[in-house]
Structure formats: C-alpha cells, structure tokens
Amino acid sequence: MRICVVESSYEGTGSIFEANDTMPDPGIYADSGYHQFERRYIRKFAEKADIDKICEEKFDLYMNFMWGQLTDNVSGVEATHYLESKGVPVLLSPSDYIAKTKLDFQAAAAKGGFRVPGNTTGKYPKIIKYVDGLASIGMDYNSICYNEEEVLKRVDLMKANEPTREVLVQDFIRGVESTAIVVEMGYEVYALAPVDWIFDSATPVDKAWLTYGNKFEALGEGTIHFQFITEEPRRTNVCKSAVAAFKGLGMQGRGAWGRVDMRCEAGSGEVYCLELNHMPALFYSKDDKLSDDVIIRETYPGGHEAFIEMLLFTKRCQMEEEKARRSNGINGTNGSNGHNGYTNGVNGHASNGLNGHTTNGANGVNGVNGLNCHKSNGTNGHATNGTDQEAIGDFKTKGTTIAEVYDNAADNYDDYQAKMDIRKWQETYFAAYDYSGTVLDLACGTGGIGMVIHQANPSAKITGIDVSPLSLQKPYVLKHYTKPIIVGYMQNEIMKLKEQSFDHLVCFGALHFLNRTEFMATLSRMFMVARKSIAFDVDDVDHEYIDAIVKHFGEGLRNHNNLVAMQRFGVPSGWRKVVDERRSLFFSPSIHTDVYGQVIRFEKVEGIVNGGS
C-alpha cells in the first residue's frame, strides 16, 4: 500500500515542542517492498490547501499523526475534521478524539468504570494542570500545592500564562506513575505491556512524577527510566483500567490506539487514570530515548512491522462494520461522542479508496493488498490439501467462498486427509509433545487434528474455530472438540479471545488463505493468546500455483505465500523456536503439483512475562 503519513507542521508556530519532536515515521519500521510510507506536513495557516493537495495524490490510506487541540497553534482538530470530510480512509486519531480534554475524561469516568482523581474538599496535596494540556505543558514541581492559598496562586499564574486555557485542580495521588498503551485489535481493545516510571531512590514522593522537564530531559538523560510491571494483580488492574478508559471515552471502533497515564496509589493499590493521550509516542527513530517504541520492540510479537499490519487489519475490520451499518440504513457516525460537532472519523464509504492502486497487489485480492478485501477473500478454512475436483465440486465462479468449498468437501475430507503423508507426520509430531491442558485449533475443519491430538493426549480440551458450518458437524469434531465450536473467520475470531486463554494453539493447512496483513496480525495475536506453545505450517506456493487456484476456484480461494513474512516476524521475546522443518505438505490433484512449506513450533520460555491484557 501507498500510505500518507499526515503530520502537524511546526512552520510559523514557534511551538515549544519543535525542538524535542523528531516526528514519527512508520516507514522506518516497515517493509518498503510491501508498504510505502510518504510523510506530508499540514501547516496551521494553510490547512485546507495542504489537505486538498495530499488528497489529490490519491494515497491508499492516510495515517493521521496531527495532534493540535483547539487551543494549540499547530494543525490537529480542524485539519483532521476537514481530512475526514474528503471521504478518504483515515487511520488513527479521529477529530473528536483529538479534541477530547481532561474534562471529557472525567465525565467519561463516571460512566466508563474507571477511576480518576477527584478534588476532595480539605484534602491535600493538590495538583494543578491545564484541561487541554499535552506533555505536562506548564507543569513543574510547584504544580503540587499543599493548602488553599497555594492552589489559588498557582491557578492565577497558569491563567495568566495561558489565558485561553482552562485550569483543572485534582487530588495528587501519592504512589507509582504508570503507563499502558491500548490498541484496537480487530474488534476488541487490549492493553500492551504496562510500565512503571522509576525515579532515583532519593526522589521525594511528591516529586516522583513526570513534569514537562522530566519528560524531555530526565528521560533523555536516563535519570528516569521505565520498568515493565510484572507483579499481579497490579499488572492486570493497570491493563483493565487503561482499556476501560479507552472504551469509556467512546473510542472503541475508531480510535485505533492511545496511551493511558495512571497513578497507582500507595497503600490502597487503587489505579487512578490521569489522561488518555490520543497519540502514543510510537514510530520514532530507533535511537529516540523519549518514545514509547521500546514497548513494541521488546514485547509486541513480530515487533513494529507486525504492529503496523495489526493497525491496517483493524482499519479494514472497522470499514467492514461501517459498510454493514450503511447497508442496514444505520448512521454509524457516533456523533454523540463528538466534541464541538465533530463526528467519528471512520468516515467515507466502504470503498474509501483502499482498493485504489494495484501496486504490490500480488499478495492482495484484486490488487488491494488485502486491506479492504471482502471477508471471503483471505478467510480461514483449511487448505485445499489435495481435495480433488470431484470431492469439492467444480466451483469456478468468482463468488465462490472458502466456506462453500469446504462445506461441499466435508463428507469426503476426512478420508482424503487420512491418505496424506502430512497426517503421518502429524501423528508423530503430536505424540512427541505434551498437549495436555487447553488447545485452540484454528481452522479445525472436520476435526482431523483434534483426533490426532487425542490419540497421544487424551486429556486435552480442544476448542475449534472454522468458517465451514458443515465441516463442524462431522464425527471427529463432535467427538474431540468442546462446545461451543466457534463458527467464523479465524483472523477475526482470534482477535476476540483473551490474552493467554489457551495453553496451546495449532493451525495447520489454513494460513495460506491469509494475505500478508492478515497473516502478521493473526500471528501476533496467536502469541498473545497462547500460554505454552504454538504450532502451524506455512505453504511455499509460487505465482503459477496461486494463479492456477484462482483460475480453477475463483478469487475466494486465492492463496498467499507468507514465508517471507514469517521470516521477518522473527522469534518474539519470551519464546523460542524448536521446530522449523521444510517438508511436503500435500499433493493437489486439482493443480497436479506437490506443495511444500515449513512446519514451525514455538514454545514459551518459562518465567518471562510479556504482553498486556
């Protein structure tokens, strides 16, 4: 895809942030052979002209990094609202999200199930801040006040310095300063690995917080550093509070991400949410000490490249939901969550330009790079695995879906699988490893994998996901899988599962139906869902084979070679690769060729805690 990175220009602003802001660039971390990121800067004094110009360039997607609130002198709320009005697909930070203030955050807390500091009469110390301030602007150690006189003086000073800004007085929560990045993954919201900010042991308790100076000086010098939160239940409580804050502010389904700053109160352990930043400090240069990128680099499965694909995959899911709402005559603008009349910024029609150019479209559907493909294009199901033309029917229409093909093949599929060499390998493999506990079988089909698992691990409790309803009615499924069986697209359904909810996760004969974006997003989530092990295969199919499949069955069964994506994904922190074997996976009588690929197994390294909740 060709993606426009839309950023606020500092030209003519005199902004205090200019000296410290090197500005994000996702292109640093992306595979330039697949996605091309081009940066464009929007000037406050020429917002509409600049946006008109970048829209004329007809990018496939516009990634919004503008941040200016209504009282700031850089582009942000109004410019984003105008970009949304152009009907182009916009990822990250809708206009009403940028416009939210700490007052909106406080109002949301009453309804959203998260806690914020109050302004308790007679309780001190207090902390004084701007309602719409960013990066602790205007805040120093004198922002902490110990009596009413100090509060009044500080409020007067802040109003004198910034007459257009409102001032907020809150109880200062003595305790630990913490942060968690929240991210939408498909249809759900999750917190990434949370961190505490660690101050020098000699720092007084009322100075152990991030002032403006600390954020741009002490962090850069390393005198303040972060530490991942590992102890329970505080880690879980911090993550839950961050997710509740994001949802409570009405950002689920369109906000994409955020960073929630919190204080964990000493003694009680209660988590107080201070604010939700609409733009985490991500995609900065690899040596930038002020960014949040270390969280992605050290804990997100697949790193920045997979994280980018997750953002793109989620945008596609949201656009499909928006298309469905429009088809049902529902206005999905969520305008009730707006600020000053700004709507949600999901914006635009379902086509939204995402199926634009055919560049790098070899791995997409109709040249879309898969981002805006129809659900049947790149859905799960199980591999063709040699099911012949008589078994699955001679479907050649372009509307053929994987579900239709494998519904039609369900009666004969187990017999065919039993004859394949890969079945013998699977029997040997599953006998060699402990699969006791809970197992998630992605694209379980007619249940052959469950049968093989139970041969060697009869106590395993196996859950299946598949898109073919008729396959899920077959004897192996009914005998070996727990209820309920999940009917749906595996790349969508796995996004709905909780972190570390299964001991083991397997996926055989399916990942070649996912394009690169879907593959990397799904693989990331697999590592988050599994507690102990992950096993899967990746087909090494060439363009000739891919074209033959499309010609025979239609776009609904388009295959993808994800070996390069798998190699770039790497080995996530806290895991080790124990199997990486190239072997014959199946013979396709429809295409008359052997299909080879890699069989891969990862195991969790004991004692290492990664991820969020």
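Residues numbered from 1 in each chain as written. Predicted model: local features only at pLDDT ≥ 70, side-chain atom pairs only at ≥ 80, totals over all residues. Heavy atoms only, no water.

Draft legend 1. The arrangement of the overall build of the chain in detail. Helix and strand content of the chain: 18 helices and 20 strands. Across the chain, the fraction of contacts at a sequence separation of at least 24, relative to all contacts at a separation of at least 6, is 74%. (Helix = DSSP H or I, 4+ residues; strand = E, 2+ residues; numbered from the N terminus. Contact = heavy atoms within 4.5 Å.)

Draft legend 2. Structural view of unusual backbone geometry. In this chain, tyrosine 124 is followed by proline 125 through a cis amide linkage whose omega measures 5°. By the element assignment, proline 125 lies in the loop between helix H4 (102-112) and strand S5 (126-130). Cis geometry is adopted by the peptide bond preceding proline 233, which originates at glutamate 232 and carries an omega value of 10°. Residues other than glycine seldom take positive phi values, yet phenylalanine 283 does so here, at roughly 70°.

Draft legend 3. Structural detail: helix H7 (residues 234-248). Along its 15 residues, H7 runs 20 Å from first to last C-alpha, staying within 8% of the 21 Å computed at 1.5 Å per residue. Trailing H7 by a residue or two, glycine 250 shows a phi angle of about 80°, which is positive. (Expected span 1.5 Å × (residues − 1).)

Draft legend 4. Representation of the sheet that holds strand S1 (residues 2-8). In spatial order, the strands read S2-S1-S3-S4; together these four strands make up an open sheet with parallel pairing. At either end of the open sheet lies a strand with only one pairing partner, and these are strand S2 (36-42) and strand S4 (90-91). Contacting S1, S2 and strand S3 (61-64), helix H1 (residues 47-56) crosses the sheet at an angle of about 160° to S2. (Pairing = 2+ DSSP bridges. Axes fitted to C-alpha atoms, helices over the stretch in contact; angles between N-to-C directions.)

Draft legend 5. Fine view of the pairing of S3. Residues Leu61 and Met63 point to one face of S3 and Tyr62 and Asn64 to the other, with burial holding for every one of them. Pairing analysis gives four bridges linking S1 to S3, with the strands arranged parallel. Opposite isoleucine 3, over in S3, you have leucine 61 as the bridge partner. Relative to S4, S3 is paired through two bridges, and the arrangement is parallel. Looking across to S4, one finds that tyrosine 62 is bridged to valine 90. (Buried < 20%, exposed > 50% of the residue type's maximum accessible area, 1.4 Å probe, protein only.)

Draft legend 6. Looking closely at the sheet that holds strand S7 (residues 167-171). Pairing is antiparallel across the open sheet formed by three strands, whose spatial order is S6-S5-S7. Two strands in the sheet have a free side with no partner beyond their single neighbour: strand S6 (144-145) and S7. Note: S5 against S6, two bridges, orientation antiparallel. Paired with isoleucine 127 across the strands is isoleucine 144, a residue of S6.

Draft legend 7. Structural detail: helix H12 (residues 421-432). The end-to-end C-alpha separation of H12 is 17 Å, in line with the 16 Å expected for 12 residues at 1.5 Å each. The complete set of buried residues in H12 reads Ile422, Arg423, Trp425, Gln426, Tyr429 and Phe430. An end-on view of H12 places all buried positions within 155° of arc, on one side of the element. When the buried face of H12 is taken as reference, the exposed residues oriented beyond 90 degrees from it are Asp421, Lys424, Thr428, Ala431 and Ala432. The inward-facing, buried residues of H12 contact helix H11 (402-418), helix H13 (448-456), strand S17 (502-507), strand S18 (530-539), strand S19 (575-588) and strand S20 (593-604). (Arc of directions from axis to C-beta.)

Draft legend 8. Highlighting the pattern of salt bridges. Scanning the model with the defined rule gives 45 salt bridges in all. For the salt bridge of aspartate 261 with arginine 259, the shortest nitrogen-to-oxygen distance reads 3.1 Å. In this structure aspartate 261 comes out as buried when scored by relative accessible area, which is 7%. A salt bridge links aspartate 503 to arginine 531; its shortest N-O distance comes to 2.9 Å. Taken together, the residues aspartate 503 in strand S17 and arginine 531 in strand S18 connect sequence positions 28 residues apart. (Salt bridge = Lys/Arg side-chain N within 4 Å of Asp/Glu carboxyl O.)

Draft legend 9. Quick look at the packing of aromatic side chains. Within this structure, the stated rule accounts for 27 aromatic pairs. Ring geometry for phenylalanine 65 versus tryptophan 257: centroids 6.1 Å apart, planes at 70°, classification edge-to-face. Residue phenylalanine 65 is located in the loop between S3 and helix H2 (77-85), and its partner tryptophan 257 is located in strand S12 (residues 257-265); the two are separated by 192 residues in the primary sequence. A relative accessible area of 2% places phenylalanine 65 in the buried class. Here tryptophan 257 falls in the buried class, since its relative accessible area comes to 0%. Here the aromatic rings of tyrosine 429 and phenylalanine 508 are separated by 6.5 Å at their centres, their planes lie at 70°, and the arrangement is edge-to-face. Separated by 79 residues along the polypeptide, tyrosine 429 in helix H12 and phenylalanine 508 in the loop between S17 and helix H16 (516-529) bring together distant segments of the chain. In this pair, the class of tyrosine 429 matches that of phenylalanine 508, namely buried. Taken together, the aromatic side chains of Tyr29, Phe65, Trp257, Phe283, Tyr300 and Phe307 make up a single cluster linked through ring pairs. Positioned above the aromatic ring of tyrosine 272 is the side chain of arginine 115, whose terminal nitrogen or guanidinium carbon lies 5.6 Å from the ring centre. Taking the ring centre of tyrosine 124 as reference, the NZ or CZ of lysine 126 above it sits at 5.6 Å. (Phe/Tyr/Trp six-rings, centres within 6.5 Å; stacked < 30°, edge-to-face > 60°. Lys NZ or Arg CZ within 6 Å of the ring centre and 35° of its normal.)

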